[in-house]
Amino acid sequence: MRGPDGEVRPAYTALADLLDNLSIEALVTKQNAADELFRRLGITFAVYAEGGSTERLIPFDLIPRILDRSEWDLVERGCLQRVRAINVFLYDIYHDQEILKAGLIPPELVLLNPAYRPEMHGVNLPNDVYAHIAGIDLIRTGERDFFVLEDNVRTPSGVSYVLENREIMMRLFPDAFDGQSISPVGNYPERLLENLRAVAPSGADDPVVVLLTPGRYNSAYFEHVFLAEQMGIELVEGGDLFVRDGHVWMRTTEGPVRVDVIYRRIDDEFMDPLAFRPDSVLAVPGLLSLVRSGRVALANALGTGVADDKAMYVYVPRMIEFYLGEHAILNNVHTYMLRDPKQRQHVLNNLQNLVVKEVQGSGGYGMLIGPASTAEEREAYKARVLQNPDNYIAQPTLSLSTAPTLRNGKIVPRHVDLRPFVLSGKETSVIPGGLTRVALREGSLVVNSSQGGGTKDTWVLEH
């Protein structure tokens, strides 16, 4: 909110004036009303624990995070560039593998990757789109310094909080919007549906789109229900779909309805028990054969996970240069590959200064944050790394930017990141703003809701 000189940044001027004229008591009253609305609406996520999961309300902070138009233009261009390159990369590795032949990425990182799906080799997808929905996690370390932390192109979640946060802000804090020209986010479901319909198999004049959920015990089930309602499409589970006569069908009270596009929120290995995990009851037997023959489209496509592997992240700038002939607009965080003996030794000697992550990890689980760890935790983590070094990467701890946050009756700085959502179908576009996640614990750098983080409304000023 403030520059290095302590002056309020221009984007925050109107909000700062409003906060100066509001008592803390009034802010706390609004915050309590927001929490009550979240409770009533059932805006939740699940935290997986041993023996099951615990459903919680996602913490919401009433003070918005604001980007001016020039800041957003940089983020938007960088995210579009990144997702375009990732989509071309995915097409390439499942077709001619030119980037591997050019020696720019070690072939074993792709071909032996657990997320690589050889079943998709040679399969042509509508518009050559693999990552229809992507969430790019960004942090900011300086005025024009945005770093990508990771690319989420499997089943990225969180966009429902973007929409609900804005709705609740407009309802409870309308004064904050006075005199501000803020880019709307409410048309996201409409844009998502348009993109999904655009990748339907040829011949589907009025494509039927469904959202496939693993069910109510999934951590993002609230979002699945929300998005299906907002798009006006059916929310289905695996048992609602079946394969017959070369197509996927949905069971309805009026008889079977043919399905053309499945927006799936289920991981690859559970999608078809005839092709992947035989014990899966979450999806549809025989689905893979219809994907391969072009009779049904999946969003995101099978096999996209190879592109958001944390080891593959290192090579995204090379993808951008190789496929697009451009330099990366957004920075990568310097990353150590623990599969390399020299880099591994450096990391193990400096664990107290680094963040170490599992290559296939997500949700903030399985991480070691060196500066916040004890000597015992570091020794235990070191033993885990040595058992399978290929499964880990390490990065320096960066100084994430902070935003004003209401905590215990005071406005205090808390670290934030940003997840813009990128849609690809007929064209590629970014929802203005995205999900700001905030580390609510003092000094914490972990923003994941599963680890105690919360969310904020994100404003992009139109001028």
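Residues numbered from 1 in each chain as written. Predicted model: local features only at pLDDT ≥ 70, side-chain atom pairs only at ≥ 80, totals over all residues. Heavy atoms only, no water.

K.L.:
Tell me about the overall build of the chain, and name the residues and values.
P.N.:
Within the chain one finds 12 helices and 23 strands. For the chain, whose C-alpha radius of gyration is 22 Å, the value lies close to the compact-globule estimate of 23 Å for 463 residues. Each of the three principal axes of the chain carries a C-alpha extent, and together these read 65 × 60 × 50 Å. Counting only carbon and sulfur atoms, one obtains 47% of the accessible surface of the chain, whose full area is about 20000 Å². Side chains of the chain carry 46 positive and 61 negative charges; the gap between the two charge centres is 3 Å. (Helix = DSSP H or I, 4+ residues; strand = E, 2+ residues; numbered from the N terminus. Rg over C-alpha atoms; globule rule 2.2 N^0.38 Å. Areas by Shrake-Rupley, 256 points an atom, 1.4 Å probe, with all protein chains shown as cover. Lys, Arg positive; Asp, Glu negative; His and termini not counted. Charge placed at Lys NZ, Arg CZ, Asp CG, Glu CD.)

K.L.:
Please set out unusual backbone geometry residue by residue, giving values where relevant.
P.N.:
Cis rather than trans, the peptide bond between A299 and N300 has omega equal to -5°. Considering the arrangement of structural elements, one finds N300 in the loop between β12 (297-299) and α10 (316-324). A positive phi angle, near 55°, is found at D128, a position not held by glycine. A positive phi angle, close to 55°, is found at D245, a residue other than glycine. Inspection of the secondary structure puts D245 in the loop between β8 (241-244) and β9 (247-250). Residue class for D245 comes out exposed when judged on its relative accessible area of 64%. (Buried < 20%, exposed > 50% of the residue type's maximum accessible area, 1.4 Å probe, protein only.)

K.L.:
For the nonpolar core, give the residues involved together with the corresponding values.
P.N.:
Core analysis: the biggest nonpolar cluster contains 74 residues, and F89, I262 and V306 have the highest contact counts within it. Ranked by the residues each element gives to this core, the list is headed by helix α3 (residues 69-93), at 11 residues. In this structure V306 touches F89, L90, I93, Y94, V110, N113, A115, Y116 and M312, once residues within four positions along its chain are discounted. Judged by nonpolar contacts, the second largest core, of 56 residues, contains A16, I58, A176 and A297. (Core = buried A, V, L, I, M, F, W, Y, C linked by side-chain atoms within 4.5 Å. Contact = heavy atoms within 4.5 Å.)

K.L.:
Explain the sheet that holds β9 residue by residue, including any values.
P.N.:
Taken together, the three strands give an open sheet; going across it, the order is β8-β9-β10, and neighbouring strands pair in antiparallel fashion. A strand with exactly one partner marks an edge of an open sheet, and here the two such strands are β8 and β10 (257-259). Along the sheet, successive strands turn relative to each other by an average axial angle of 45°, direction set aside. Sheet topology note: the β8/β9 ladder contains four bridges and is antiparallel. (Pairing = 2+ DSSP bridges. Axes fitted to C-alpha atoms, helices over the stretch in contact; angles between N-to-C directions.)

K.L.:
Account for helix α6 (residues 159-172), with residues named and values stated.
P.N.:
The first and last C-alpha atoms of α6 sit 20 Å apart over 14 residues, in line with the 20 Å expected at 1.5 Å per residue. For α6, the tally of buried residues reaches 11 of 14 residues, placing the bulk of the element in the interior. The complete set of buried residues in α6 reads V159, S160, Y161, V162, L163, E164, N165, R166, I168, M169 and L172. (Expected span 1.5 Å × (residues − 1).)

K.L.:
Residues and numbers for the sheet that holds strand β16 (residues 368-369), please.
P.N.:
With respect to topology, four strands assemble into an open sheet ordered β14-β17-β15-β16, the strand pairing being antiparallel. In this open sheet, the two strands that pair with only one neighbour each are β14 (336-337) and β16. Each of β15 (354-358), β16 and β17 (392-396) is contacted by helix α12 (residues 375-387), which is oriented at about 40° to β15, the strand it contacts most.

K.L.:
Before we move on, can you summarise the pairing of strand β6 (residues 209-212) with the specific residues and values?
P.N.:
Residues V209 and L211 of β6 are buried on one face, and the alternating residues V210 and L212, pointing to the opposite face, are buried as well. The pairing of β6 with strand β11 (residues 261-264) spans four bridges and is parallel. Within β11, the position partnered with V209 by the bridge is V261. With three bridges connecting them, β6 and strand β7 (residues 234-236) associate as parallel partners. Each bridged residue has a counterpart across the sheet, and for V210 the counterpart in β7 is E234. Viewed along the sheet, the connection from β6 through helix α8 (residues 221-231) into β7 turns out right-handed. (Right-handed = clockwise from strand over helix to strand, strands pointing away.)

K.L.:
Break down the environment of F89 for me, with residues and values.
P.N.:
Within the secondary structure, F89 is located in helix α3. What makes F89 buried here is its relative accessible area of 0%. The sequence separation of F89 and P207 amounts to 118 residues, and the corresponding C-alpha distance is 27 Å. Aside from chain neighbours lying at most four places away, what touches F89 is I99, I105, V110, V306, A307, M312, M319 and Y323.

K.L.:
An account of the packing of aromatic side chains is needed here, citing residue identities and associated values.
P.N.:
Per the counting criterion, the structure on display carries eight aromatic pairs. Arranged with centres 5.2 Å apart and planes meeting at 20°, the rings of F38 and F60 form a pair that is stacked. Residue F38 is found in helix α2 (residues 24-41), and its partner F60 is found in strand β3 (residues 60-67); the two are separated by 22 residues along the sequence. In this structure, F38 and F60 share a single accessibility class: buried. Taken together, the ring pairs in this structure connect Y94, Y116 and Y130 into an aromatic cluster. Across from the ring centre of Y217, 4.9 Å away, lies the NZ or CZ of R216, which sits over that ring. (Phe/Tyr/Trp six-rings, centres within 6.5 Å; stacked < 30°, edge-to-face > 60°. Lys NZ or Arg CZ within 6 Å of the ring centre and 35° of its normal.)

K.L.:
Hey, could you go over the pattern of salt bridges for me, with residue numbers and the actual values?
P.N.:
Scanning the model with the defined rule gives 23 salt bridges in all. Close ionic contact of R140 with E71 constitutes a salt bridge, the shortest N to O distance being 2.7 Å. Note that R140 is positioned in strand β4 (residues 133-142) and E71 in helix α3, a separation of 69 residues in sequence. Taken as a pair, R140 and E71 share a single burial class, namely buried. Through salt bridges with shared partners, one network takes in R117, R264, D268 and E269. (Salt bridge = Lys/Arg side-chain N within 4 Å of Asp/Glu carboxyl O.)

K.L.:
Could you give me a rundown of the packing of α3 against α10, with the residues and numbers involved?
P.N.:
As a packed pair, α3 and α10 sit with axes 9 Å apart at the nearest point and diverge in direction by 80°. Classified by the interaxial angle, the pair formed by α3 and α10 is roughly perpendicular. Side by side, α3 and α10 meet where Q81, R82, R84, A85, V88, F89 and D92 of the first sit next to V316, M319, I320, Y323 and L324 of the second. Here the residues of the contact of α3 with α10 are counted per class, giving eight nonpolar, one polar and three charged. (Parallel < 35°, antiparallel > 145°, perpendicular 65-115°, else oblique. Nonpolar A, V, L, I, M, F, W, Y, C, P; charged D, E, K, R; others polar.)

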